[in-house]
Amino acid sequence: MKKILVTGGAGFIGGNFVHYLLSRYPEDKVICVDSLTYAGNLDTLSDVTDNANFGFYKIDITDAVSIDKLFAEVLPDIVVNFAAESHVDRSIEDPGIFLRTNILGVQVLMDACRKYNVSRYHQVSTDEVYGDLPLDKPEMMFTEQTPLHTSSPYSASKASADLLVMAYYRTYKLPVTISRCSNNYGPYHFPEKLIPLMIINALYDKPLPVYGSGANVRDWLYVEDHCAAIDLIIRKGKAGEVYNVGGHNEKKNIDIVKTIVNKLGKSERLITFVKDRAGHDLRYAIDPSKIHAELGWLPRTDFDEGIEKTIEWYINNKPWWEKIINGEYRNYYERMYENR
Ligand code: NAD
Ligand code: DAU
């Protein structure tokens, strides 16, 4: 039996990871820590709250006193840190909270891991720490050796955290691992990110705001495949190692939007080109050969199947996203898109 502490478990990927663990490891305990920011949603965990192997604590990972108390009580074997401010556009508006949560929060968690002899601290990082690639060199991909070279306050905060994690490995021999994954999509994705925003707007026949020309490329992975990769890394990955995670599934933003429009039987006339994101990364592409060769990981869901499952999930789970849209999200949407 393992006690796995999952931070940020009320968010998109963390929530999927909690479900992933509880459904596959009935002998393990899963303890979720989340401060429930605008992106955290207990509805995402409503079907596991009664599970005897699940516990939830509303704690901010930057609150060292509360984190220490929790570790003393729970004594986790493994900590997987998903908690973060994750939205690039919000980091451009207000970087401060990104530096606090994404860097200082990581320090607080790792200090607790050292004090309570946690056997693995896993940092959920991102391909954005590598910066971007040119659009006209399809052979170029990010490997674990690609230098960190960030573009946004968000990616700079994530890269800073990665450096701190490796510093704790070298200095204190804290048994750490890092995964750097490409763009995820799937159930419980917060409705201000590209794919859920386009599905929901299209369902309402609302304009579909594409930044710039829509030529930017992202490398999309179904969220359950990311969860499987992290699960393998925490159980079989080597301490001190970084693993890139991605499924060789590069798509231009405009093609993603057209796919959604067409699958929903809507008109492409809904597509509206709006002002570009400041410093907008051109292309991400992950080389996942290390995690494949060393841990045997491969993605299982291809994009066509994954996007259909995702669209279906949003159609069938309207109450989940409607509640979000009625709240703070509205203010964000107006601020971001009204004069764009
Ligand atoms: P998300 O924004 O959906 O969820 C983040 C969660 O963290 C929320 O539940 C939020 O309440 C919680 N949180 C934020 N600040 C906190 C704090 N100070 N203390 C405790 N909890 C806090 O994010 P996501 O898309 O699920 O991303 C999860 C992680 O995966 C992030 O670290 C992100 O950098 C990384 N990542 C995301 C993607 C992607 O495509 N979404 C890809 C690669 C890596
Ligand atoms: O690559 C991994 C990263 O993927 C994660 O580290 C981040 O946490 C996650 O948010 C995601 O970052 P992106 O910036 O790539 O995701 P986002 O959904 O915000 O945007 C995807 C692309 O779509 C990007 O090129 C910007 C564009 N876009 C986005 C929105 C919200 C639009 O054209 N219109 C939009 O309205």
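Our subject is the structure that appears above.
Everything in this summary refers to the structure shown in the same document. If you're wondering where the values come from, they're calculated on a predicted model, not measured in any experiment.

### Some remarks on the site of ligand 2
Okay, so step 1: Looking at ligand 2, there are 23 residues lining it, with Asp-127, Tyr-154, Arg-277, His-280 and Tyr-337 nearest.
Okay, so step 2: The contact in question runs from an oxygen atom of ligand 2 to an N or O atom on the backbone of Leu-194, over 2.8 Å.
Okay, so step 3: Put simply, the parts of the chain that give the shell around ligand 2 at least two residues each are helix H6 (194-203) and strand E8 (208-211).
Okay, so step 4: In the shell around ligand 2, the residues fall into ten nonpolar, seven polar and six charged.

### Digging into the side chain of Asn-201
Okay, so step 1: With respect to the element layout, Asn-201 can be found in helix H6.
Okay, so step 2: Beyond its immediate chain neighbours, meaning those up to four positions away, Asn-201 contacts Lys-206, Pro-207, Leu-208, Pro-209 and Tyr-333.

### Section: the environment of Pro-153
Okay, so step 1: For Pro-153, the position within the fold is in helix H5 (residues 153-172).
Okay, so step 2: Judged by relative accessible area, which is 26%, Pro-153 ranks as partly exposed.
Okay, so step 3: If we ignore the near neighbours within four places in the chain, the residues touching Pro-153 are Ser-91, Ile-92 and Pro-95.

### Things to note about the pairing of E8
Okay, so step 1: A two-sided burial pattern is seen for E8, the buried positions comprising Leu-208 and Val-210 on one face and Pro-209 and Tyr-211 on the other.
Okay, so step 2: Bridge count for E8 against strand E12 (residues 271-274) is four bridges, and the pairing is parallel. Paired with Leu-208 across the bridge in E12 is Ile-271.

### Remarks on the nonpolar core
Okay, so step 1: Core analysis: the largest hydrophobic core is formed by 36 residues, its most contacted members being Ile-195, Leu-208 and Ile-260.
Okay, so step 2: Elements that contribute at least two residues to this core include exactly H6, E8, strand E9 (217-222), helix H8 (253-263), E12, helix H10 (303-316), helix H11 (318-325) and helix H12 (328-337).
Okay, so step 3: Top contributing element to this core by residue count: H6, with six residues.
Okay, so step 4: Setting aside anything within four residues of it in sequence, one finds Ile-195 in contact with Tyr-185, Trp-220, Ile-256, Ile-260, Ile-307 and Thr-310.

### Section: the state of the cysteines
Okay, so step 1: A complete count under the given rule lists zero disulfides for this structure.
Okay, so step 2: Cys-227 provides the cysteine sulfur closest to Cys-32, a residue in no disulfide bond, and the two sulfurs are 13 Å apart.
Okay, so step 3: Classification of Cys-32 as buried rests on a relative accessible area of 0%.
Okay, so step 4: By relative accessible area, which is 0% here, Cys-227 ends up buried.

### Considerations on the packing of aromatic side chains
Okay, so step 1: A full pass over the atoms with the stated rule returns 17 aromatic pairs.
Okay, so step 2: Taken together, a centroid distance of 5.2 Å and an interplanar angle of 55° make the contact between Tyr-185 and Phe-303 tilted. Highlighted residues: Tyr-185 in strand E7 (residues 183-185) and Phe-303 in helix H10, separated in sequence by 118 residues.
Okay, so step 3: On the accessibility criterion, Tyr-185 (1% relative accessible area) is buried.
Okay, so step 4: Assessed through its relative accessible area of 10%, Phe-303 is described here as buried.
Okay, so step 5: A network of ring pairs unites the aromatic residues Tyr-185, Trp-220, Tyr-222 and Phe-303 as a single cluster.
Okay, so step 6: Here Arg-90 stacks its cationic end above the ring of Tyr-38, 3.5 Å away from the centre of that ring.

The rules behind each value
Residues numbered from 1 in each chain as written. Chains lettered and ligands numbered in written order. Predicted model: local features only at pLDDT ≥ 70, side-chain atom pairs only at ≥ 80, totals over all residues. Heavy atoms only, no water. Near = heavy atom within 4 Å. Polar contact = N/O pair within 3.5 Å; in protein donor to acceptor, adjacent residues only side chain to side chain. Helix = DSSP H or I, 4+ residues; strand = E, 2+ residues; numbered from the N terminus. Nonpolar A, V, L, I, M, F, W, Y, C, P; charged D, E, K, R; others polar. Contact = heavy atoms within 4.5 Å. Buried < 20%, exposed > 50% of the residue type's maximum accessible area, 1.4 Å probe, protein only. Pairing = 2+ DSSP bridges. Core = buried A, V, L, I, M, F, W, Y, C linked by side-chain atoms within 4.5 Å. Disulfide = S-S within 2.5 Å. Phe/Tyr/Trp six-rings, centres within 6.5 Å; stacked < 30°, edge-to-face > 60°. Lys NZ or Arg CZ within 6 Å of the ring centre and 35° of its normal.

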